[in-house]
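Geometric and topological summary
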Amino acid sequence: MAGPRRRTVRDLRRNNRATVLSKLYFEGPLSRQELGPLTGLSSGSISNVVSELVADGLVEEAGSVDSDGGRPRTLLRVAPGSGHLAGVDVGETRVRVELFDLSLKELARVEAPLPDGRYDAEGVVRLIADGLTRVIAEAAAAPASLIGIGIGVPGIVDASGPEGAVVHGQTIGWDAVPLESMLRAQDELLAALPLFVDNGAKTLGRAEMWFGAGRGARNAVIALIGSGVGACVIADGVPYQGSSSSAGEWGHTVLQVGGRECRCGARGCLEAYVGAEALLERWREAGGSWSAPDEEGALAELLDDPSAAGVLDETAEFLGAGIADLVNLFNPERIVVGGWAGLLLGPRLIEPVRRAAAAYALRHPLAQTTVELGRLGPDAVTVGAATLPLARFLETGGTRREPIVSGAS
Ligand SMILES: [Zn+2]
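Criteria and thresholds
- Residues numbered from 1 in each chain as written.
- Predicted model: local features only at pLDDT ≥ 70, side-chain atom pairs only at ≥ 80, totals over all residues.
- UniProt positions renumbered as here; feature names shortened; annotations may be inferred.
- Buried ≥ 20, exposed ≤ 12 C-beta atoms within 10 Å, placed from the backbone.
- Helix = DSSP H or I, 4+ residues; strand = E, 2+ residues; numbered from the N terminus.
- Pairing = 2+ DSSP bridges.
- Axes fitted to C-alpha atoms, helices over the stretch in contact; angles between N-to-C directions.
- Left-handed = near helix turned anticlockwise from the far one by under 90°.
- Contact = placed C-beta atoms within 7 Å.
- Nonpolar A, V, L, I, M, F, W, Y, C, P; charged D, E, K, R; others polar.
- Parallel < 35°, antiparallel > 145°, perpendicular 65-115°, else oblique.
- Domains from an automatic or database assignment.

- The name an unreviewed UniProt entry gives the protein chain is ROK family transcriptional regulator, with Streptomyces tabacisoli as the organism.
- According to UniProt, the comment filed for the protein chain under the heading Sequence similarities (unreviewed entry) is "Belongs to the ROK (NagC/XylR) family."

1. Let's talk about the pairing of strand E12 (residues 220-225)
- In terms of burial, E12 is a largely internal element, six of the six residues being buried.
- Here six bridges tie E12 to strand E13 (residues 229-235), and the two strands are oriented antiparallel to one another. If you follow Ile 225 over to E13, its bridge partner there is Val 229.

2. Observations regarding the packing of helix H2 (residues 32-39) against helix H3 (residues 43-55)
- Close contact between H2 and H3 brings their axes to 9 Å; oriented N to C, the two are set at 115°. In the crossing of H2 with H3, the sense of the turn from one axis to the other is right-handed. From H2, Arg 32, Leu 35 and Gly 36 reach across to H3, where they touch Ser 43, Ile 46, Ser 47 and Val 50.
- Grouping the amino acids of the contact of H2 with H3 by side-chain chemistry returns three nonpolar, three polar and one charged.

3. Section: the environment of Thr 19
- In this fold, Thr 19 is placed in helix H1 (residues 4-27).
- Here Thr 19 falls in the buried class, since 20 other C-beta atoms lie within 10 Å of it.
- The sequence separation of Thr 19 and Ile 151 amounts to 132 residues, and the corresponding C-alpha distance is 26 Å.
- If sequence neighbours within four positions are ignored, Thr 19 has contacts with Thr 39 and Leu 41.

4. Here's the deal with the sheet that holds strand E14 (residues 238-239)
- Spatially, E14-E13-E12-E15-E16 is the arrangement adopted by the five strands of the open sheet, whose pairing is mixed. The sheet is open, and its two borders are formed by E14 and strand E16 (370-373), each paired with just one other strand.
- For E13 and E14, the ladder comprises two bridges, and the chain directions are antiparallel. For Ala 235, the partnering residue across the bridge sits in E14 and is Val 238.
- Packing against the sheet, helix H7 (residues 200-211) makes contact with E12, E13, E14 and strand E15 (334-338), and its axis sits at approximately 50° to E13.

5. What about the packing of helix H10 (residues 295-304) against helix H12 (residues 340-360)?
- The interhelical angle for the contact between H10 and H12, taken along N-to-C directions, is 10°, at an axis separation of 11 Å. The angle between H10 and H12 falls in the class roughly parallel. In contact with Glu 296, Leu 299, Ala 300 and Leu 303 of H10, H12 contributes Trp 340, Ala 341, Leu 344 and Arg 348.
- For the contact of H10 with H12, the class distribution of residues is six nonpolar, no polar and two charged.

6. Brief notes about the domain arrangement of the protein chain
- As far as domains go, the protein chain holds domain 1 (4-78), domain 2 (82-202 + 382-395) and domain 3 (215-375).
- Each of domain 2 and domain 3 has a C-alpha centre, and the two are 26 Å apart.
- Of all elements in the fold, only strand E8 (156-158) and H7 reach the threshold of two or more residues within the side of domain 2 that touches domain 3.
- Looking at the side of domain 2 that touches domain 3 residue by residue, the class counts come to four nonpolar, six polar and three charged.

Right, dumping it as structure tokens:
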């Protein structure tokens, strides 16, 4: 066993690796000279850590820049091809599995509809396992290069118990589904892989915060509007979780006491008015009809139909009132509206939504807030899911998963 002193030195080394790797990842390419002031490490430490990371294949040279009168400085970056990440979106109608390089560039994707449109947990586990095998094959990636897998699901994820992540998906009929242990039992690769499960709205939120419309904000809310409605509340730079990770269930806050029935079983939830499923139902009640077989197509028809103007005006008011609640409760500097339905409705509704939010929110917090559309497109749940193992990888200084037989002390 390692003594306390040796452990301290090892921890320090790992921390230095993590610091350099994260700086290069988020702010690179950078030269060794630039890394010094950015990390607070001595030039000797930078030189050691960089040599190690280069030897491990994690960092590579990326050209050079002239320095004032001196030798050109070599730029360094995290090598995009030095590892792979998988992101999964267990969506409302299908399961999508994507494989990314370390820069989160998509290398392969597989999409499969839910069997019979049902959320059979065993079936979803099989689709994830098959999808993972297929994207690895399609990208000709070595399974050993896979750093981890992140999975976004429509439900509350509680990972505090001994079984790992358990999903409470009240709107899809998942009552304490032990998704993590089911996945681990499915095949050897999933058994060995760092595996992260989170709510889909939260993974979308992570993606928008890292790479999209939330970038640079410390306090923000990323709203996901799809068939249902969710949100990710970012408080002081991190997702606000609550006591058992369910915080941010904005879709099930009440807009109308005793109002429309919601998929969760309660009445009058925001989701029962502005979720795509509910919005289409309201249009049908107002005499609307469509020919598309899926919600995406139906919503596009709704947007094209002048007779839906009244339903859309009402939707903007409902959504604006819901956003005003977020402003009053969380005092965010930015609210980002994403999700496939949010992005489809956005160009038409964003201005009336802003006006409605202004009518319902307190003036002072409203003046600090901007309401914007997501920038990463409707498929960003998988990107956000992949940031979960990526964040762990960067935090641990680029440590790979343990080999099956470990010789480490
Ligand atoms: Zn509800």
